[in-house]
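What follows is the residue order along each chain.
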Protein chains: 2
Amino acid sequence: MIDRLIEKIEALQNPTVVGLDPRLNYVPRAIREKNYELYGKTPKAAAKAFLEFNKGIIDGIYDLVPAVKPQIAMYEQYGSEGIQAYIDTIGYAKEKGLLIIGDIKRSDIASTAEAYADGHIGRVKVEEESYSIYGEDTITLNPYLGYDSIEPYVGHCKTYDKGLFILVKTSNSNSGEIQDLDVGGEKLYERVGKLVHQWGQSLVGKRGYSSIGAVVGATHPHQAEGLRSIMPKTYFLVPGYGAQGAKAEDLKGYFNRDGLGAIINSSRGIIAAYQREAYQSKYKEEEFALAARAAVLDMKKDLQKIL
Amino acid sequence: MIDRLIEKIEALQNPTVVGLDPRLNYVPRAIREKNYELYGKTPKAAAKAFLEFNKGIIDGIYDLVPAVKPQIAMYEQYGSEGIQAYIDTIGYAKEKGLLIIGDIKRSDIASTAEAYADGHIGRVKVEEESYSIYGEDTITLNPYLGYDSIEPYVGHCKTYDKGLFILVKTSNSNSGEIQDLDVGGEKLYERVGKLVHQWGQSLVGKRGYSSIGAVVGATHPHQAEGLRSIMPKTYFLVPGYGAQGAKAEDLKGYFNRDGLGAIINSSRGIIAAYQREAYQSKYKEEEFALAARAAVLDMKKDLQKIL
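Right, let's walk through the structure included here. (Residues numbered from 1 in each chain as written. Chains lettered and ligands numbered in written order. Predicted model: local features only at pLDDT ≥ 70, side-chain atom pairs only at ≥ 80, totals over all residues. Heavy atoms only, no water.)

Attention shifts here to the sheet that holds strand β6 (residues 138–141) of chain A. Residues and elements named next belong to chain A. The eight strands lie next to each other as β1-β2-β3-β6-β7-β8-β9-β10, forming a closed barrel whose pairing is parallel. Taking the axes of each pair of neighbouring strands and ignoring which way they run, one obtains an average angle of 30° across the sheet. Bridging between strand β1 (residues 16–20) and strand β2 (residues 67–70) involves four bridges; their strand directions are parallel. By the bridge assignment, Leu-20 is partnered in β2 with Pro-70. Along the sheet, helix α7 (residues 151–160) makes contact with β3 (99–106), β6, β7 (163–169) and β8 (210–216), crossing β7 at roughly 140°. (Pairing = 2+ DSSP bridges. Helix = DSSP H or I, 4+ residues; strand = E, 2+ residues; numbered from the N terminus. Axes fitted to C-alpha atoms, helices over the stretch in contact; angles between N-to-C directions. Contact = heavy atoms within 4.5 Å.)

Okay, structure coming up:
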């Protein structure tokens, strides 16, 4: 998987992921109203509006970025209709040639992890039939349970050419409460980083990077530099740019000298760009996809300053 | 929430949770075949078969146990139809008066946690309308991201009378890889236990226990005794009895002297009891619910030895 990601990043000269984390107040009124007319003000209408909104965003950005990262929580909250919108968003983005990073942050014991792994990055069996259900290319996972909770996914990465990004140092302000605890002279997140590096050894691609990557928040540039040296060939998925406060200058240490090693996510800053001061005067609400495209191009330019 | 749970445990004299973690090979052939005829050998058929199977199990055990614990992974793997079966299972179990522990083990930053919290234990808004979507009474969460990732759920626990069980020491064999790391003279899981205890202080019920509980695996009796003294008034949700190898004698230290403080989960051992040697000769495949009932009564008797 990691080779496919790197190939796309290089071809597009852009290490940006667009986070597809819709909220109803990001969705233009016309799309909302249309779906309320069809389905009432229901969870189904919200889910259908998300899908329509996402398709617009994807149409606006698919030729500029290597990947999108739908956050499953935004869909899951609306129940089965929401999950269907998540699945249909993935399907549409794949048709457009995008790689999919499913932000699911799952964690469970091995026998349960198998079910998540089958559904998200493998195939589920119904007697002699088998189905691809979610179809993400890579997913995020939480490491708290240790390696046997990760192993079923690693097997699927090999079988189905998929990848993982495992939480190492998250972008939220309380991330240090557990992740920064001192464990024998190093921080817990550093120890987890070493484990992730080790877990990834069996999945190293032709460019030397592993298909098992790490989530390292953009809000911790100093820690990221340390992690970069602990795990030089682990790809970082970096949330927190833009709306969460991090700027391009903060992100230099997340990359290697080859200009690779990190992929930077922006969600609200792109998908709700039409609501931002910088774009409001240029784009009308119905031009939300054009605004998203402009925001991606601006982010690309911003990141190129440090690459 | 915790008061409702304790009331039911005392009324039934039974601290057992039945884990509703269906797999197709647990579902009697007749139920599977019927649903394949209706829907083909599809994810939808699997989901419908799970729901029918669960209803049978619930009918067999609802008057004996305080709660059921559906494991969302088993349903989520089948996509939106699977999620609908999870939701419908919860609805049916609630009609029968059972409390629901949603085993979802979610973890994410605050703004995302809000979406999970709204969907699972709160209400989601669609403009001026609001909906209860999943309707669990309590859910499991992963603590790796720290308190701001838990806080949105705590608010909902207060507003909607709900509860949480946060992973402290899990039952899997690699749980020690991260959870047992030494952090300044204590184990990480002990530090997490202290945090969970602290996070629960604002949700203490009339019996002195908090609605914020802890997941403590049945496979670590020695560690559990230590945790019991660190967090005396935190309820433990204990997976790992039966199929994962723990026995009643191992569980004494999980309880307090008042006979409270722990609720013990068994999944496969109950829901697939009809396939176990001990019950096979007495119950036919179509009597799977009666076998589950017998297994619950046997587990109750087993646990009463230590209470």
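From this point on, the discussion continues.
Here we take up the sheet that holds strand β1 (residues 16–20) of chain B. All names here are of chain B. With parallel pairing, the eight strands of this closed barrel are ordered in space as β1-β2-β3-β6-β7-β10-β11-β12. Averaged over all pairs of adjacent strands, the angle between their axes in this sheet comes to 30°, without regard to strand direction. Note that strand β6 (residues 138–141) and strand β7 (residues 163–169) share four bridges and pair parallel. Within the sheet, the bridge partner assigned to Thr-140 lies in β7 and is Phe-165.

Bringing the pairing of β6(A) into the picture now. Residue and element names in this part refer to chain A. Side chains Thr-138 and Thr-140 project from β6 onto one buried face, and the interleaved Ile-139 and Leu-141 project onto a second face that is buried too. Pairing analysis gives three bridges linking β3 to β6, with the strands arranged parallel. Looking at β6, one finds that Arg-106 is bridged to Leu-141. Handedness of the crossover joining β6 and β7 through α7: right-handed. (Buried < 20%, exposed > 50% of the residue type's maximum accessible area, 1.4 Å probe, protein only. Right-handed = clockwise from strand over helix to strand, strands pointing away.)

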